[in-house]
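Given next are the chains, with one letter for each unit.
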Amino acid sequence: MLFTILDALEAAANETPHNTAILDDHGSLSYGGLCEAAGRLAHWLVSVGMTRGARVGVCLPKSREEVIAILGIAGARGVCVNLNYQWTLGQIDYVRDDCGINILITDAQRADLMIAEGLAGRFLTILVVGEPSADFMTRWEDLPDFSPHFERPLSADLAAILYTSGSTGRPKGVMAPHEMLRRGAEIVTQYLGTNADDRILSVLPFSFGYGLNQLTSSILNRAALALQRIVMPSAIAEAVMKWEITALPLVAPSWVQLVRFLLDDEQTLPTVRYATSAGGATPLPTLKAMPICLPNAEISLMYGLTEGFRSTYLPSHLFHSKMGAIGQAVPNVEIFVVNHETGICGPNEVGELIHRGDLISRGYWQRPEDTARCIRVNEYLRPLIGEEKVLHTGDLVRRDEDGILWYVGRNDGIIKTSGHRVSPSEVELAASEIPGVSAAVAFGLADNDLGQIIILVLESSNGITDKEAISVLRSQLPGYMVPRRLFFWDAAMPRISSGKIDRVTVIDEITRNLNDSIEG
Amino acid sequence: MGAEFETVLKNYLVSNTRIKEAGLQNEVALFSTGTLDSFAMTDLVAFIETSCSFRIKAKEITLQNFDSISKILVFVQKKTAV
């Protein structure tokens, strides 16, 4: 019986050792070879004193070594913490401290930077792919020729801690047990029909739940995973052709770019059998063009949070009739729409999406209060499921007459822009530093390329210019948080009875003006 | 706009990416090394479009045009010269 993805890897290595597991620029790696390399790394990790349940960091660009590291850590009964290769050293050090990482697997460039910044000494052991300048680190190529050996993890063991985005001030680590990863792969396999003949393109980082699922689904089905480091649309199209990719999972902004490229180039990708999009809504013009660019593909749109991996999908047969919807619950998951004042919502009534089932994570690493806020018993569901805890997503949705779910917005006004979650209050706080500004409202506006763009409305008395205001904001905020458009509210902004700004009215008025100007 | 845009671009990259750690050299590879991902690419393209007031075609988003600061500068120069 397969309890974990590691069991699936071993089964593949025993029964079909010569099948291709990994495709990359260096060639291919078979299931036999992958399992052996992971087993050898697991043996080494234990030999250098890695204890059961230890968190091990992996900070590598997309490569076969990265895949071997993820599986090797599982095989030593460790917890893999994938540190996105894009993160700054500061972000990596924050995560190291947050979950207590002692062992790091990285590349020579990163290792040398860590030495230069005095951060390398904070790890007990560093394993380096490439040629590090320091001799206290172990080179990947010098790993001893140990016999492959796995300590068998239980499905209840933690497999990974997933730090979402890593961009906002203090990202939280989502705890994913092996059970969750295996079930995630099984469920996705069921509705996408992944099989051993598939060649899946892996463009997304393994630090995302969605990206990691391409690896786990691939192993579960003994399919081939093609590692694509370069994210340019032209390079993705080339990779699809070169490797005859059958499964193409991307995030919405990449679909926008790829579809534009394919239309411009009058090119199609006929080998793709199924395509998926997740990580934010895909804009309608892109959705409409996808069937033209992917003539043989079934297209499935998916929705989920790291905290619960996957909640809904829009099956491909509903792609046209329900275009833009987030769809229905994935197999073996139940979705409730709940209004916190009145209870379970009727058709077309807006409420929070509540996710029930065994894809729910263990919550946040060492943050029990945050965990209890989002994974808890819901009073309205007690008559149906008793004391079972469910995931509160904070996303507002409605269910139409046909039972299909549509995304409405965030409960908390969080703006999602180019993959970052931005809190409006942080932007508004920075705006308060602009001389003469007495009030500010920030909000997200749908944008085809970035998901949302940040709009900032200022109540100002002294005729400050756009340029001056933006330069103050730039000095206060990282670039992705700097608003793309500024508006000045001519008079005092409307207030509600408590004296607080009437945000809804302000946002509504600005949005209507924007829409008029686009149409006119 | 040459030197001015170079500063604007570098400021953008410093506040949005970890390029500063790699030394902010004009020749350092951004995408072929995996230093920037697809979100960063979309954001960078949108940033250049707004700063330079021209549209970038999807066909133009290639390693040849975007893989380093100097390549981006050459690309922007060509686009604005037209």
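Residues numbered from 1 in each chain as written. Chains lettered and ligands numbered in written order. Predicted model: local features only at pLDDT ≥ 70, side-chain atom pairs only at ≥ 80, totals over all residues.

**Section: the overall build of chain B**
Thought 1: A tally of helices and strands in chain B yields four helices and zero strands.
Thought 2: Taken against the 2.2 N^0.38 rule, which gives 12 Å for 82 residues, the C-alpha radius of gyration of chain B at 12 Å falls within 12% of a compact globule.
Thought 3: Its C-alpha atoms give chain B principal-axis dimensions of roughly 35 × 25 × 20 Å.
Thought 4: Taken over 82 residues, chain B has a buried fraction of 35%.
Thought 5: The long-range share in chain B, meaning contacts at least 24 apart out of those at least 6 apart in sequence, stands at 58%. (Helix = DSSP H or I, 4+ residues; strand = E, 2+ residues; numbered from the N terminus. Rg over C-alpha atoms; globule rule 2.2 N^0.38 Å. Buried ≥ 20, exposed ≤ 12 C-beta atoms within 10 Å, placed from the backbone. Contact = placed C-beta atoms within 7 Å.)

**What about the overall build of chain A?**
Thought 1: When helices and strands are counted, chain A shows 15 helices and 27 strands.
Thought 2: Here chain A has a C-alpha radius of gyration of 24 Å; the compact-globule value for 520 residues is 24 Å, and the two agree.
Thought 3: Projecting the C-alpha coordinates of chain A onto the three principal axes gives extents of approximately 75 × 55 × 55 Å.
Thought 4: For chain A, with 520 residues in total, the buried portion stands at 50%.
Thought 5: Within chain A, contacts between residues at least 6 apart in sequence are counted, and of these 64% link residues at least 24 apart.

**Observations regarding the pairing of strand E10 (residues 199–202) of chain A**
All names here are of chain A.
Thought 1: Residues Arg199 and Leu201 point to one face of E10 and Ile200 and Ser202 to the other, with burial holding for every one of them.
Thought 2: Looking at chain direction, E10 and strand E11 (residues 224–227) are connected through four bridges and run parallel. Looking across to E11, one finds that Arg199 is bridged to Ala224.
Thought 3: The parallel pair E10 and E11 is bridged by helix H7 (residues 209–221), and the resulting crossover is right-handed. (Pairing = 2+ DSSP bridges. Right-handed = clockwise from strand over helix to strand, strands pointing away.)

**Focus: helix H8 (residues 233–243) of chain A**
Residue and element names in this part refer to chain A.
Thought 1: Along H8, the residues classified as buried are Pro233, Ser234, Ile236, Ala237, Ala239 and Val240.
Thought 2: Next to the buried residues of H8 lie E10, E11, strand E12 (247–251) and helix H9 (252–264).
Thought 3: A positive backbone phi angle near 50° is found at Glu244, which sits one or two residues after H8.

**Considerations on the confidence of the model for chain B**
Residue and element names in this part refer to chain B.
Thought 1: Summarising the model, chain B shows a mean pLDDT of 86, and 96% of its residues fall at 70 or more.
Thought 2: No element of chain B has a lower mean pLDDT than helix H2 (residues 38–52), which averages 84, and none a higher one than helix H3 (residues 63–66), which averages 94.
Thought 3: Quick note on the complex model: pTM equals 0.86, ipTM equals 0.88. (pLDDT = per-residue confidence, 0-100.)

**A few points about the packing of helix H1 (residues 5–15) of chain A against helix H2 (residues 31–47) of chain A**
Residue and element names in this part refer to chain A.
Thought 1: Where H1 meets H2, the axes come as close as 8 Å, and the angle between the chain directions of the two elements is 130°. Classified by the angle their axes make, H1 and H2 are oblique. For the pair H1 and H2, the crossing hand works out as left-handed. Across from Leu9, Glu10, Ala12 and Ala13 in H1, the residues of H2 making contact are Tyr31, Gly32, Leu34, Cys35 and Ala38.
Thought 2: Among the residues forming the contact of H1 with H2, the class breakdown is seven nonpolar, one polar and one charged. (Axes fitted to C-alpha atoms, helices over the stretch in contact; angles between N-to-C directions. Parallel < 35°, antiparallel > 145°, perpendicular 65-115°, else oblique. Left-handed = near helix turned anticlockwise from the far one by under 90°. Nonpolar A, V, L, I, M, F, W, Y, C, P; charged D, E, K, R; others polar.)

**Focus: unusual backbone geometry**
Across the chain, the bulk of peptide bonds are trans and the bulk of non-glycine residues have phi less than zero.
All names here are of chain A.
Thought 1: Of note in the backbone geometry, Arg77 takes a positive phi value of approximately 60° without being a glycine.
Thought 2: Locating Arg77 in the fold gives a position in the loop between helix H3 (64–75) and strand E4 (79–82).
Thought 3: With a phi close to 55°, Phe309 is a non-glycine residue in the positive phi region.
Thought 4: Looking at where Phe309 falls in the secondary structure, it is placed in the loop between strand E14 (298–303) and strand E15 (312–314).

**Topic: the interface of chain A and chain B**
Thought 1: Each partner contributes residues to the interface: chain A has 32 residues there, and chain B has 26 residues.
Thought 2: For the side of chain A that touches chain B, the secondary structure elements donating two or more residues are H8 and H9 of chain A.
Thought 3: When residues in the side of chain A that touches chain B are grouped by element, the largest group, six residues, is from H9 of chain A.
Thought 4: Per-class residue counts for the side of chain A that touches chain B are 18 nonpolar, eight polar and six charged.

**Thoughts on the pairing of strand E21 (residues 390–399) of chain A**
All names here are of chain A.
Thought 1: For E21, the tally of buried residues reaches seven of ten residues, placing the bulk of the element in the interior.
Thought 2: As judged from the four bridges shared by strand E19 (residues 351–357) and E21, these two strands associate in the antiparallel manner. From the neighbouring strand, Ile354 faces E21, where its bridge partner is His392.
Thought 3: When strand E20 (residues 375–376) meets E21, the two strands line up antiparallel, connected through two bridges. Considered in E21, the bridge of Arg376 is made with Val390.
Thought 4: In sequence, E21 turns back onto strand E22 (residues 405–410) through a hairpin of five residues, with Gly403 there showing a positive phi of about 85°.

**Describing the nonpolar core**
Soluble globular proteins: nonpolar side chains tend toward being buried together.
Thought 1: Leu9, Leu34, Val56, Ile70, Cys80 and Leu456 of chain A are the most contacted members of the largest nonpolar core, which has 181 residues in total.
Thought 2: In this structure Ile70 of chain A touches Val58, Cys80, Phe206 and Leu215 of chain A, once residues within four positions along its chain are discounted. (Core = buried A, V, L, I, M, F, W, Y, C linked by C-beta atoms within 7 Å.)

**Re the environment of Val506 of chain A**
Residue and element names in this part refer to chain A.
Thought 1: Topologically, Val506 is positioned in helix H15 (residues 503–519).
Thought 2: Taking the C-alpha atoms as reference points, Val506 and Ala8, 498 residues apart in sequence, are found 54 Å from one another.
Thought 3: When neighbours within four sequence positions are excluded, Val506 is seen to be in contact with Val441, Val457, Trp489, Met493, Pro494 and Ile501.

**Notes on the environment of Asn82 of chain A**
All names here are of chain A.
Thought 1: Within the secondary structure, Asn82 is located in strand E4.
Thought 2: Exposure remark for Asn82: the 25 C-beta atoms within 10 Å place this residue in the buried category.
Thought 3: Considered as a pair, Asn82 and Pro494 are 412 residues apart in the sequence and their alpha carbons are 46 Å apart.
Thought 4: Apart from residues lying up to four places away in sequence, Asn82 is in contact with Val58, Ala160, Phe206 and Ser207.

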